[in-house]
Amino acid sequence: MYIIGENIHIIAPSVKEAVKNKDTEFFKTSAIRQVEHGADCVDLNIGPQKKRGHEILPWMAETVQSVVDVPLCLDTTNLAAIEAACAVCKNQPIINSTSAEEERLEKVPLVAKQYGARLIGLAMGKGGIPIGADQRVEIAMEKLIPRMVELDFPVGDLIVDPLVLTVSGCQEYCPECIEAVRTLHYAWEPPPLTNAGLSNVSNAVPHTMRPLLNRVYMVMLMGAEIDMVIADPFDSPLMEAIRIVEGRDDSTALGRLYLKLYDAVQAMEELQPDDVDMDDPDQVDVWKTVEVLLNKVIYTDQYLRL
């Protein structure tokens, strides 16, 4: 699993302060630690940064790649900032992102092609994010991919993000995103890659519950054969769940349940009660979480206690 480390994000007060002070050591340390914990790429999320983005993002890129030799994910809506950062990247960067909206789709892929970057394309058009998997795949097939073909941009360098939304308030989107990931692998030949912002599934959820939702959804997305995720490499249980699935490690009861869940999603089936030891609290928590993520049980902040 290709992990894009999410921990340099302008929404975090510490990152905002480090940007303000041009604290190079902060960003170097974060990048080194993320890579040490399993990140294959480092996301640099500076937000819109309309005034100084063209200065901030290339500075961050140079700072980070001075200490780690991994690709960077340039995460901003500021196209001038993306261009400036692409110009200094040592490895093939990922541009995050374009949508299927006309103005973005006209301009952003041109920059990606100019710099040989990979490009995340969001399954979102002028009308927002559709609920259904078929409608999200349709955006990729009718808008994103044709634009790449028009530009002679390698479809293999397009990364389609069907958009993970929070289980708290957008629960019906969660199973549809899984199915969109599955279907996108048949959208073109060669198919585009697929990506998801994993932690979005637990936005607006109590902090203590977020890791469980994230790692269970991760296993489900892996069953749909997702290629990469923007995620927290410091989340040890999450990284362990990924390791268990990739290595088919059935040495623990919880690991065997993760594998059953992965296999069920891969087979377009569902985890069954008989797969779960209902006397094991950890397994019960996974079962309840799966039911919520499949939109079979309504999410509440108390769902684990019901």
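Residues numbered from 1 in each chain as written. Predicted model: local features only at pLDDT ≥ 70, side-chain atom pairs only at ≥ 80, totals over all residues. Heavy atoms only, no water.

### Regarding the nonpolar core
Next, step 1: Ranked by internal contacts, the top residues of the largest apolar core, which has 49 residues, are F27, L44, M60, V64 and I95.
Next, step 2: Here this core takes seven residues from helix 6 (residues 133–150), the largest share from any one element.
Next, step 3: Setting aside chain neighbours within four positions, we find V64 in contact with I8, F27, A31, V42, L44 and L72.
Next, step 4: Counting 46 residues, the second largest nonpolar core, distinct from the first, contains V164, A231, L259 and Y262. (Core = buried A, V, L, I, M, F, W, Y, C linked by side-chain atoms within 4.5 Å. Buried < 20%, exposed > 50% of the residue type's maximum accessible area, 1.4 Å probe, protein only. Helix = DSSP H or I, 4+ residues; strand = E, 2+ residues; numbered from the N terminus. Contact = heavy atoms within 4.5 Å.)

### Thoughts on the sheet that holds strand 6 (residues 158–161)
Next, step 1: The eight strands lie next to each other as 1-2-3-4-5-6-7-8, forming a closed barrel whose pairing is parallel. With strand direction ignored, the average angle separating the axes of adjacent strands in the sheet is 25 degrees.
Next, step 2: Sheet topology note: the strand 1 (residues 2–5)/strand 2 (residues 41–45) ladder contains two bridges and is parallel. Counterpart to G5 in the pairing with strand 2 is V42.
Next, step 3: Of the strands in this sheet, strand 2 and strand 3 (72–75) touch helix 3 (residues 53–65), which is tilted by about 155 degrees from strand 2. (Pairing = 2+ DSSP bridges. Axes fitted to C-alpha atoms, helices over the stretch in contact; angles between N-to-C directions.)

### Digging into the packing of aromatic side chains
Next, step 1: Considering all chains together, one arrives at three aromatic pairs under this definition.
Next, step 2: With centroids separated by 5.2 Å and ring planes inclined at 85 degrees, the aromatic side chains of F26 and F27 adopt a geometry described as edge-to-face.
Next, step 3: Residue classification places F27 among the buried residues on the basis of a relative accessible area of 0%.
Next, step 4: With a centroid separation of 5.7 Å and an interplanar angle of 55 degrees, the aromatic rings of Y299 and Y303 are classed as tilted.
Next, step 5: Put simply, the rings of F26, F27 and W59 touch in pairs and so form one group of aromatic residues.
Next, step 6: We note R33 situated over the ring of F234; from NZ or CZ to the ring centre the distance is 4.3 Å.
Next, step 7: Positioned over the ring face of Y2 is R118, at 5.5 Å from the centre of the ring. (Phe/Tyr/Trp six-rings, centres within 6.5 Å; stacked < 30°, edge-to-face > 60°. Lys NZ or Arg CZ within 6 Å of the ring centre and 35° of its normal.)

### Looking at unusual backbone geometry
Next, step 1: Residue S97 is bonded to the preceding N96 through a cis peptide linkage, with omega at 25 degrees.
Next, step 2: With respect to the element layout, S97 can be found in strand 4 (residues 94–98).
Next, step 3: The residue after E189, namely P190, is reached through a cis peptide bond having omega 0 degrees.
Next, step 4: Along the chain, P190 falls in the loop between helix 7 (173–184) and strand 7 (193–197).
Next, step 5: One non-glycine residue, E225, lies in the positive phi region at around 70 degrees.
Next, step 6: Mapped onto the fold, E225 is located in the loop between helix 8 (210–223) and strand 8 (228–231).

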